Amino acid sequence: LYAILLIPTSDSSTIYKAPPRSFYWNRDTQWLALEQRFQQVKKDSAAAATAEQLFTQANNMLLQLQRGNHPAADSLYGSIENNFFTIAPYVAIAPALQQRYIEQYKQVRYAAKQQSQQWDMNSITARNRLYTLLYGMRAAVEETLLQGDGKFAAAMPCNNEASATPSAKIFGIDVHSGDLLVSRGGAEVSALISRGNDYPGNFSHVALVYVDSTGNAYLIEAHIEKGVAIANVQQYEADKKLRFMVLRPRADLPALKSNPLLPHTAASYMYEQAQKRHIPYDFKMDFVDTSAMFCSEVGSYAYRHNGVQLWKGLSTISSQGVVNWLNAFGVEHFITQMPADLEYDPQLTVVAEWRDPATLAKDHIDNAVMDVMLEQADKGATVGYNRWMLPVVRILKGWCVLLNKMGKTGKIPEGMSATQALKNQYVVDMHQAVKKETEVLKDGFIKEHQYFPPYWQMVALAKQAYLKLYGK
């Protein structure tokens, strides 16, 4: 029996490919120059005056952005972005400037998203422009926070988009029925989902908020372990998160102007669907087939049913190494709706951000390690598994199937095979091993340089750790 259970399963999955990737940062020289500038401004007596000049330039460019129409190809965006990066070293040495820097970030993001309402978000120019601004500016803000004492406020109120739907509080933030919460968990698979994208992001999960007539809030989510499920606020907050962002449909959308309660209607519909039928997790990531759903699909389906198509720019995963790794876990559709990309939808306003000060560094280390692992995947590294454990895990999978039929959750998720479960464990073990070694190197970097390694240095440390453990 053991020998029979050792026989591997043939892979007959279909891969629906995305077009070739078209975005790369390619700015290593700029990042290193910023780090050198950070070291210099700590000794610069004129640093405060220079910072003031840079903020004045930033304000002038923001005013220009807020006036008139600026297409995605407008050079103004590049000037705003570079100026914002240039300010970062000055903010990193002067915590008193942090709130001013964050306000600049929020205002530019809001103005850029307003401008993007006129763009084709499936065009390369528009996607690249909005991504470098929104992701890049948040990365710069967080680099400055990591150089401080870690005592910044977790909640960051942004733009309070008007809403006619019932409201509640999550982590002290006002949310409305129909809001979408994109978040990042602490598990290794969360790092893979957020980084395994043509536009690597900060978020790995989406939940749809539903608030009933008595003011009780619920989160409708698709979990790998149990499919679509409903959680109350306490359960949602207890599930460890490194960060989350509240996104709300704009009140001036034509569909909402006709029916201001549309977000609540969408959330109510999904709430009823989750109660009415068992919806398993969709490992294929096919957002069209609603017999099974992944996390993004929950919100997408609810709004699509009510006439609003979210993800104006569809997500693409074209890197062959990433495709191979995700396909090993059952993913087949690589033109899809990734959680991190919802941030760039012009139909949605960022209402608030929340990041855990105690784990912001963990978030960056997790990302750096996963970036290195996926880079190695592109160089041919494959996802293996412990074949000798396959018979044991197959028996366990059989038990999990029985539990699923009884409406219970098994250790191996419904829809995941024994082989895929072992491959998942392989990636988890690799990430943990590289992360542990990266932590040691990070501590050495801090001891030598007296500052927290910026992200590009963290990636370099993670690469050094990977090569030490696994070779080329």
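Structure first, text after, so check above.
Remember, predicted model here, so these are calculated numbers, not experimental data.

**Let's talk about a nonpolar patch on the surface**
- A cluster of nonpolar side chains, namely Leu 396, Trp 399, Leu 402 and Met 406, defines an oily patch on the protein surface of about 410 Å² accessible area.
- Using a relative accessible area of 48% as the deciding quantity, one classes Trp 399 as partly exposed.

**Digging into the layout of surface pockets**
- Its volume calculated, the second largest pocket comes out at about 880 Å³.
- Residue lining of the second largest pocket: 33 residues in total, with Ala 187, Val 189, Ile 224, Glu 225 and Asn 424 positioned closest to the centre.
- Going through the elements one at a time, strand S4 (180–185), helix H7 (188–195), strand S6 (217–223), helix H14 (390–405) and helix H15 (418–449) are the ones with two or more residues in the lining of the second largest pocket.
- Considering every element that reaches the lining of the second largest pocket, the biggest residue donor is H15, with five residues.

**Observations concerning empty space enclosed by the protein**
- For the structure shown, the criterion picks out five cavities of 30 Å³ or more.
- Roughly 230 Å³ of volume is contained in the largest cavity.
- What lines the largest cavity is a set of 18 residues, among which Ile 193, Ile 224, Tyr 281, Met 285 and Val 331 lie closest to the centre.
- Top element by residues in the lining of the largest cavity is H7. It accounts for three residues.
- Its residues assigned to classes, the lining of the largest cavity shows 15 nonpolar, two polar and one charged.
- Roughly 70 Å³ of volume is contained in the second largest cavity.
- Every residue lining the second largest cavity is listed: Arg 109, Tyr 110, Lys 113, Gln 114, Gln 117, Asn 159, Arg 250, Pro 346, Leu 348, Thr 349 and Val 350.

**Overview of the side chain of His 205**
- The residue His 205 is located in strand S5 (residues 205–211) in this model.
- In terms of polar contacts, His 205 uses its side chain to reach the side chain of Glu 221, at 2.9 Å.
- Excluding its chain neighbours within four sequence positions, the residues that come into contact with His 205 are Leu 181, Val 182, Ser 183, Glu 221, Ala 222, Cys 295 and Pro 339.

**A few points about the pattern of salt bridges**
- Per the stated rule, a full pass over the model turns up 26 salt bridges.
- One salt bridge in this structure joins Asp 443 and Lys 442, with 3.1 Å as the shortest N-O distance.
- We classify Asp 443 as partly exposed; its relative accessible area is 44%.
- Assessed through its relative accessible area of 12%, Lys 442 is described here as buried.
- Beyond isolated ion pairs, a larger network of salt bridges with shared partners links Arg 109, Glu 142, Arg 184, Arg 243, Glu 353, Arg 355, Lys 362, Asp 363, Asp 366 and Lys 435.

**A word on helix H16 (residues 455–470)**
- With 16 residues, H16 should cover 22 Å at 1.5 Å per step; its first-to-last C-alpha distance of 22 Å lies within 8% of that length.
- Burial in H16 covers these residues: Tyr 455, Gln 457, Met 458, Val 459, Leu 461, Ala 462, Ala 465 and Tyr 466.
- Against helix H2 (28–41), helix H6 (124–146), H7, helix H13 (360–378) and H15 lie the buried residues of H16.
- Note on H16: the residue one or two positions beyond its end, Gly 471, has a positive phi of about 75 degrees.

**Quick notes on the packing of aromatic side chains**
- This model, assessed by the stated rule, comprises 25 aromatic pairs.
- Centroid distance Trp 25 to Tyr 135: 6.5 Å. Interplanar angle 40 degrees. Geometry classified as tilted. One end of the pair, Trp 25, is in the loop between helix H1 (2–5) and H2; the other, Tyr 135, is in helix H6, and 110 residues separate them in sequence.
- Looking at Trp 25, the relative accessible area reads 23%, which means it is partly exposed.
- Take Tyr 135: its relative accessible area is 10%, and that puts it in the buried class.
- Following the ring pairs from residue to residue traces out a cluster consisting of Phe 23, Trp 25, Trp 31, Phe 85, Tyr 131, Tyr 135, Tyr 199, Tyr 344 and Trp 456.
- A cation sits over an aromatic face here: Lys 241 above Tyr 236, 3.7 Å from the ring centre.

**Some words on unusual backbone geometry**
- Non-glycine residue Asn 26 carries a positive phi angle of around 50 degrees.
- Along the chain, Asn 26 turns up in the loop between H1 and H2.
- A positive phi angle is found at Phe 171, which is not glycine, with a value near 55 degrees.

**Observations regarding the pairing of strand S7 (residues 227–232)**
- When S6 meets S7, the two strands line up antiparallel, connected through six bridges. By the bridge assignment, Leu 219 is partnered in S7 with Ala 231.
- A loop of three residues connects S6 with S7, the two strands running antiparallel in sequence.

**Re the environment of Gln 115**
- Among the structural elements, Gln 115 can be located in helix H5 (residues 98–115).
- The spatial distance from the C-alpha of Gln 115 to the C-alpha of Ala 73 is 12 Å, given a sequence separation of 42 residues.
- Other than its neighbours up to four places away in sequence, Gln 115 contacts Leu 65, Gly 68, Asn 69, His 70 and Tyr 77.

Quick notes on the rules
- Residues numbered from 1 in each chain as written.
- Predicted model: local features only at pLDDT ≥ 70, side-chain atom pairs only at ≥ 80, totals over all residues.
- Heavy atoms only, no water.
- Patch = residues over 30% accessible without salt bridge, like charges linked within 9 Å, V, L, I, M, F, W, Y side chains within 5 Å.
- Areas by Shrake-Rupley, 256 points an atom, 1.4 Å probe, with all protein chains shown as cover.
- Salt bridge = Lys/Arg side-chain N within 4 Å of Asp/Glu carboxyl O.
- Buried < 20%, exposed > 50% of the residue type's maximum accessible area, 1.4 Å probe, protein only.
- 1 Å grid on protein atoms, 1.4 Å probe; cavity = no way out; pocket = protein on both sides within 12 Å on 5 of 7 lines; lining within 4 Å.
- Points joined across faces, edges and corners; volume = space filled by probe spheres on them.
- Helix = DSSP H or I, 4+ residues; strand = E, 2+ residues; numbered from the N terminus.
- Nonpolar A, V, L, I, M, F, W, Y, C, P; charged D, E, K, R; others polar.
- Polar contact = N/O pair within 3.5 Å; in protein donor to acceptor, adjacent residues only side chain to side chain.
- Contact = heavy atoms within 4.5 Å.
- Expected span 1.5 Å × (residues − 1).
- Phe/Tyr/Trp six-rings, centres within 6.5 Å; stacked < 30°, edge-to-face > 60°.
- Lys NZ or Arg CZ within 6 Å of the ring centre and 35° of its normal.
- Pairing = 2+ DSSP bridges.

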